[in-house]
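A closer look at the structure
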Amino acid sequence: MFCTNCGTTLSPSAKFCHRCGQAVKAVVKILCLACGQVMAAGETTCPACGARHQACRHCGRLLAESALGCPGCGSLLHEGHGYTLVATEFEHPSMQQVNQTLRQSIILNQMAESISEKVGKPWYESCFNSVQVTDKQYGRLLELAAIAAQRIGFSRIPSVYVEADRGYQSNTYGSEANSFVNIGMFLPKLLSDRELLFILGHEFGHLVCRHALWTTVSMFLCGQSRGNLMSEGLLAYLSNPLKILESGVESVIMNWMRVADLTADRAALLVCGDIAVARRTLFLLYFKSRKELDEVDVEAWARQQETQDASLAQVSQIMTSSTPYLGLRLRALGEFYASPRYGELQRKVDAVCALKLSDLFDAQGGLLKFAKPRTTPAAAKTSSRQSTARPTDSTTVKATRRKVKVVEGACPKCGHRFALPLASLPNKPVVELQCKSCKARFRVNLGGIHDQPPETPDTAALPPDMEGS
């Protein structure tokens, strides 16, 4: 150990330099995220494996080149050029009216201000059995949150938690200054990545419209179950007049919550960019089973709901449900999708946001970044006879000894698989390859493989998926 100021050799336990008196600064090693090799300060390309990195411009943390957000400080790495969705651009037509109703209630506003002042975010967070989403915990959700935040125009990724208590629900809580999102722990198992993007877009839509305060107030005043006018029967209200007054306050909040959900659905549609995905996600939220989804044609069911009397459905909804009916919710979202306003906003999001959803998700709605390479039965049989070579990066290199000796692995950047006959590679301990999919270059250590007894090559057995250079 030595002093970084004057270079004097110091003991390992020294806290100050005995020569210049400066405090001893710990030397932080910068390690490649792909192979773990030490990198020089300010270096973004690993000299050992060629993996490329980027540094967060806010906290300086070293990140993979493909990272969308910094898990350390939550900053987005590729923000839009000064744009964000504005609440008034996509709000439901009834939103302004219900907002005005809330503002006119002096008692409700005093309660909301009191809750906001006395109860902070740490207190809210302690109310739930939840796990914060990080790069080490629910990394797939963190990636989706970064995509949703960038498409909605945020500069940072909001705090997201996976909640255990209400497995099929998602909510936004906090105050206007400090808020967070809870995702039920069963939703990542039920929904595809593209469908989860809709859920996150919905909750982030609440944040854009500053709904977090009132969703929190509704939980404190009405409870998590959120009763309705029929929950205790009409006799309970007729026998106790105070219940009618209490129900009136609750009805104002519940009506606001229903309209707020319709507004957040619009933001979610702009984030996920696909009306079919949006309808399917809402259907799954209500029925909580993909088996039901296989039995029902969601598009046909939505058209059937449009033929029903909307006014009767709304009255029934107020009496029996604290959330919008699925049929009314799908109808409202379909009307927004067919409007010129949606077309204008979707073009704005797609034009300004640097992310193209078609490049991020596969046909099944899964994130390509987390896709596992498919293994054919023949490849699985072959892999059981393979011996592992020494890799210099995260790429797994294997030497297959059947009729032909083959080097197999995957690109450390995009995961694209390759298989190369050893006879086609230079007789060197380290060779450089270029991925045919993403064009990234990386090195593979073949030390020890060339020293094995040669076998009769059959280069036609496995055509190369990559080119050496």
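Residues numbered from 1 in each chain as written. Predicted model: local features only at pLDDT ≥ 70, side-chain atom pairs only at ≥ 80, totals over all residues. Heavy atoms only, no water.

Overview of the overall build of the protein
Helix and strand counts for the protein stand at 18 helices and 15 strands. Residues classed as buried in the protein amount to 45% of the 469 residues present. Taking all contacts inside the protein whose residues are at least 6 apart in sequence as the whole, residues at least 24 apart take part in 58%. Just so you have it, the protein exposes about 24,600 Å², and 52% of that area is on carbon and sulfur atoms. (Helix = DSSP H or I, 4+ residues; strand = E, 2+ residues; numbered from the N terminus. Buried < 20%, exposed > 50% of the residue type's maximum accessible area, 1.4 Å probe, protein only. Contact = heavy atoms within 4.5 Å. Areas by Shrake-Rupley, 256 points an atom, 1.4 Å probe, with all protein chains shown as cover.)

Section: the pattern of salt bridges
Applying the stated criterion across every chain, the model contains twelve salt bridges. Of the charged contacts in the structure, one is a salt bridge between Lys369 and Glu143, with a shortest N-O distance of 3.3 Å. Within this pair, whereas Lys369 is found in the loop between α17 (357-360) and α18 (377-383), its partner Glu143 is found in helix α5 (residues 139-152), the two being separated by 226 residues in sequence. One salt bridge connects Arg290 with Glu195, and the closest N-O pair in it is separated by 2.3 Å. Residue Arg290 is found in helix α12 (residues 290-295), and its partner Glu195 is found in helix α7 (residues 193-208); the two are separated by 95 residues along the sequence. Overall, Arg290 belongs to the partly exposed group, its relative accessible area being 31%. Here the salt bridges do not stand alone but share partners, grouping Glu195, Arg280 and Arg290 into one network. (Salt bridge = Lys/Arg side-chain N within 4 Å of Asp/Glu carboxyl O.)

As for the nonpolar core
Judged by nonpolar contacts, the single largest core of 65 residues is most densely connected at Phe90, Ile147, Leu197, Leu200 and Phe204. Sort the elements by how many residues they give to this core and α5 lands first, with nine residues. Ignoring sequence-local partners within four residues, the contact set of Phe204 consists of Ala145, Ala148, Ala149, Ile152, Phe154, Pro158, Val160 and Val181. (Core = buried A, V, L, I, M, F, W, Y, C linked by side-chain atoms within 4.5 Å.)

Overview of the sheet that holds strand β6 (residues 159-163)
An order of β5-β6-β8-β7 is seen for the four strands of this open sheet, with the pairing classed as mixed. Edge positions in the open sheet fall to β5 (130-132) and β7 (170-174), since each of these has one partner strand only. Pairwise comparison of adjacent strand axes, ignoring direction, gives a mean angle of 30 degrees for this sheet. The sheet contact formed by β7 and strand β8 (residues 179-184) spans five bridges and is antiparallel. Residue pairing across strands places Ser170 opposite Ile183, the latter belonging to β8. (Pairing = 2+ DSSP bridges. Axes fitted to C-alpha atoms, helices over the stretch in contact; angles between N-to-C directions.)

Observations concerning the packing of aromatic side chains
Within the structure shown, the criterion is met by eight aromatic pairs. With centroids separated by 6.4 Å and ring planes inclined at 50 degrees, the aromatic side chains of Tyr173 and Phe180 adopt a geometry described as tilted. Judged by relative accessible area, which is 1%, Tyr173 ranks as buried. Using a relative accessible area of 1% as the deciding quantity, one classes Phe180 as buried. Between the aromatic rings of Phe336 and Tyr342, the centroid separation amounts to 5.5 Å while the plane-to-plane angle is 75 degrees, which identifies the pairing as edge-to-face. Each member of the pair Phe336 and Tyr342 is classed as buried. Following the ring pairs from residue to residue traces out a cluster consisting of Tyr161, Tyr173 and Phe180. Above the face of the Phe361 ring, Arg194 is positioned so that its terminal group lies 5.4 Å from the ring centre. (Phe/Tyr/Trp six-rings, centres within 6.5 Å; stacked < 30°, edge-to-face > 60°. Lys NZ or Arg CZ within 6 Å of the ring centre and 35° of its normal.)

Some remarks on the side chain of Asn99
You can see Asn99 is positioned in helix α2 (residues 95-104). Setting aside anything within four residues of it in sequence, one finds Asn99 in contact with Glu91 and Trp256.

Observations regarding the confidence of the model for the protein
Across the protein, the average pLDDT comes to 76, with 72% of residues at 70 or higher. Between the elements of the protein, mean pLDDT differs from a low of 41, seen in strand β10 (residues 398-401), to a high of 96, seen in α7. Within the model, pLDDT remains below 50 along residues 316-320, and this stretch shows 15 contacts once partners closer than five positions in the same chain are excluded. (pLDDT = per-residue confidence, 0-100.)

A few points about the pairing of strand β13 (residues 430-434)
Burial of the side chains of β13 is restricted to one face: Val431 and Leu433 are buried, whereas none of Val430, Glu432 and Gln434 on the reverse face is. One ladder, built from five bridges, connects β13 with strand β14 (residues 441-445); its direction is antiparallel. Each residue of the ladder has a partner; that of Val431, found in β14, is Val444. Count of turn residues in the β13/β14 antiparallel hairpin: six residues, of which Lys439 carries a positive phi of about 70 degrees.

Remarks on the environment of Gly334
Along the polypeptide, Gly334 turns up in helix α15 (residues 326-337). Residue Gly334 is classed as buried on the basis of its relative accessible area, which comes to 14%. For Gly334 and Ile275, which are 59 residues apart along the polypeptide, the C-alpha to C-alpha distance reads 7.9 Å.

Describing α2
If you check which residues of α2 are buried, you get Met95, Val98, Asn99 and Leu102. Projected onto a plane normal to the axis of α2, the buried residues spread over an arc of 105 degrees and lie on a single side. Turned more than 90 degrees away from the buried face of α2, the exposed residues are Gln97 and Gln104. (Arc of directions from axis to C-beta.)

Some remarks on the state of the cysteines
Under the counting rule described, the total for this entry stands at zero disulfides. As a non-bridged cysteine, Cys32 has Cys46 as the owner of its nearest cysteine sulfur, 3.6 Å distant. Counting only cysteine sulfurs, Cys438 is the nearest neighbor of Cys411, a cysteine outside any disulfide, at a range of 3.7 Å. (Disulfide = S-S within 2.5 Å.)

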